[in-house]
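Spelled out, the chains give:
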Amino acid sequence: MARHSSHQSPARLTSLIASLRLRYAEADHRGDAQAKQALFQEAIYLGIQPELFTQPQ
(Lines give C-alpha, C1' and ligand atoms only; values in the text may rest on other atoms or scores of the structure.)
Protein backbone atom coordinates (compact mmCIF):
# COMPACT_ATOMS: atom_id res chain seq x y z
CA MET A 1 0.00 0.00 0.00
CA ALA A 2 1.40 3.39 -1.00
CA ARG A 3 1.98 6.04 1.62
CA HIS A 4 1.61 9.36 -0.12
CA SER A 5 3.53 12.45 0.96
CA SER A 6 0.50 13.94 2.69
CA HIS A 7 0.66 10.97 5.09
CA GLN A 8 4.45 11.04 5.59
CA SER A 9 6.05 12.56 8.64
CA PRO A 10 8.08 15.69 7.78
CA ALA A 11 11.35 13.92 8.68
CA ARG A 12 10.55 10.90 6.50
CA LEU A 13 9.49 13.11 3.61
CA THR A 14 12.73 15.10 3.88
CA SER A 15 14.71 11.85 3.89
CA LEU A 16 12.86 10.49 0.84
CA ILE A 17 13.40 13.71 -1.11
CA ALA A 18 17.11 13.74 -0.19
CA SER A 19 17.44 10.16 -1.41
CA LEU A 20 15.64 10.92 -4.67
CA ARG A 21 17.75 14.06 -5.16
CA LEU A 22 21.02 12.16 -4.69
CA ARG A 23 20.04 9.29 -6.95
CA TYR A 24 18.71 11.70 -9.59
CA ALA A 25 21.99 13.66 -9.58
CA GLU A 26 23.97 10.44 -9.96
CA ALA A 27 21.77 9.24 -12.83
CA ASP A 28 21.98 12.64 -14.50
CA HIS A 29 25.79 12.61 -14.20
CA ARG A 30 25.86 9.18 -15.86
CA GLY A 31 23.35 10.25 -18.51
CA ASP A 32 21.14 7.34 -17.44
CA ALA A 33 17.67 8.16 -18.76
CA GLN A 34 16.22 4.82 -17.61
CA ALA A 35 17.32 5.43 -14.02
CA LYS A 36 15.84 8.94 -14.08
CA GLN A 37 12.55 7.56 -15.43
CA ALA A 38 12.48 4.99 -12.62
CA LEU A 39 13.02 7.78 -10.08
CA PHE A 40 10.10 9.74 -11.53
CA GLN A 41 7.92 6.64 -11.22
CA GLU A 42 9.05 6.12 -7.63
CA ALA A 43 8.29 9.75 -6.81
CA ILE A 44 4.80 9.46 -8.30
CA TYR A 45 4.20 6.32 -6.25
CA LEU A 46 5.28 8.18 -3.12
CA GLY A 47 3.26 11.28 -4.00
CA ILE A 48 6.34 13.48 -4.33
CA GLN A 49 6.45 16.15 -7.02
CA PRO A 50 9.48 15.73 -9.34
CA GLU A 51 10.52 19.38 -9.00
CA LEU A 52 11.27 18.71 -5.33
CA PHE A 53 14.25 16.56 -6.28
CA THR A 54 15.20 17.65 -9.82
CA GLN A 55 15.67 21.38 -9.23
CA PRO A 56 19.06 22.68 -8.09
CA GLN A 57 19.12 23.67 -4.43
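Residues numbered from 1 in each chain as written. Predicted model: local features only at pLDDT ≥ 70, side-chain atom pairs only at ≥ 80, totals over all residues. Heavy atoms only, no water.

1. Some details on the overall build of the protein chain
Here comes step 1: Helix and strand content of the protein chain: three helices and zero strands.
Here comes step 2: Secondary structure elements of the protein chain occur, N-terminal to C-terminal, as α-α-α.
Here comes step 3: In the protein chain, buried positions account for 21% of the 57 residues.
Here comes step 4: Within the protein chain, contacts between residues at least 6 apart in sequence are counted, and of these 55% link residues at least 24 apart.
Here comes step 5: Total accessible area computed for the protein chain in this model is approximately 4,100 Å², and 56% of it derives from carbon and sulfur atoms. (Helix = DSSP H or I, 4+ residues; strand = E, 2+ residues; numbered from the N terminus. Buried < 20%, exposed > 50% of the residue type's maximum accessible area, 1.4 Å probe, protein only. Contact = heavy atoms within 4.5 Å. Areas by Shrake-Rupley, 256 points an atom, 1.4 Å probe, with all protein chains shown as cover.)

2. Overview of the side chain of K36
Here comes step 1: Position of K36 among the secondary structure elements: in helix α2 (residues 33-46).
Here comes step 2: Polar contacts involving the side chain of K36 include one to the side chain of D28, which spans 3.0 Å.
Here comes step 3: Apart from the residues lying within four places of it in its own chain, the contact partners of K36 are Y24, A27 and D28. (Polar contact = N/O pair within 3.5 Å; in protein donor to acceptor, adjacent residues only side chain to side chain.)

3. Remarks on the pattern of salt bridges
Here comes step 1: Going through the model one piece at a time under the given rule, you end up with three salt bridges.
Here comes step 2: Of the charged contacts in the structure, one is a salt bridge between D32 and R30, with a shortest N-O distance of 3.4 Å. (Salt bridge = Lys/Arg side-chain N within 4 Å of Asp/Glu carboxyl O.)

4. Here we look at the packing of aromatic side chains
Here comes step 1: Counted by the stated rule, this structure contains three aromatic pairs.
Here comes step 2: Summarising the aromatic geometry, the rings of Y24 and F53 are spaced 5.8 Å apart at their centres and angled 75° between planes, so their arrangement reads as edge-to-face. In this pair, Y24 sits in helix α1 (residues 10-30) while F53 sits in helix α3 (residues 51-54), placing the two residues 29 residues apart along the sequence. Both residues of the pair, Y24 and F53, belong to the buried class.
Here comes step 3: Members of the aromatic cluster, connected to one another through ring pairs, are Y24, F40 and F53. (Phe/Tyr/Trp six-rings, centres within 6.5 Å; stacked < 30°, edge-to-face > 60°.)

5. Observations concerning α1
Here comes step 1: An ideal rise of 1.5 Å per residue puts 30 Å on 21 residues; α1 measures up with 30 Å between its terminal C-alpha atoms.
Here comes step 2: Buried residues of α1: L16, I17, L20, Y24 and A27, and no others. Along the axis of α1, the buried residues cluster in a sector spanning 95°; they form a single face. Exposed residues pointing more than 90 degrees away from the buried face of α1 are listed as A11, T14, L22, H29 and R30.
Here comes step 3: Those residues of α1 that are buried are in contact with α2 and α3. (Expected span 1.5 Å × (residues − 1). Arc of directions from axis to C-beta.)

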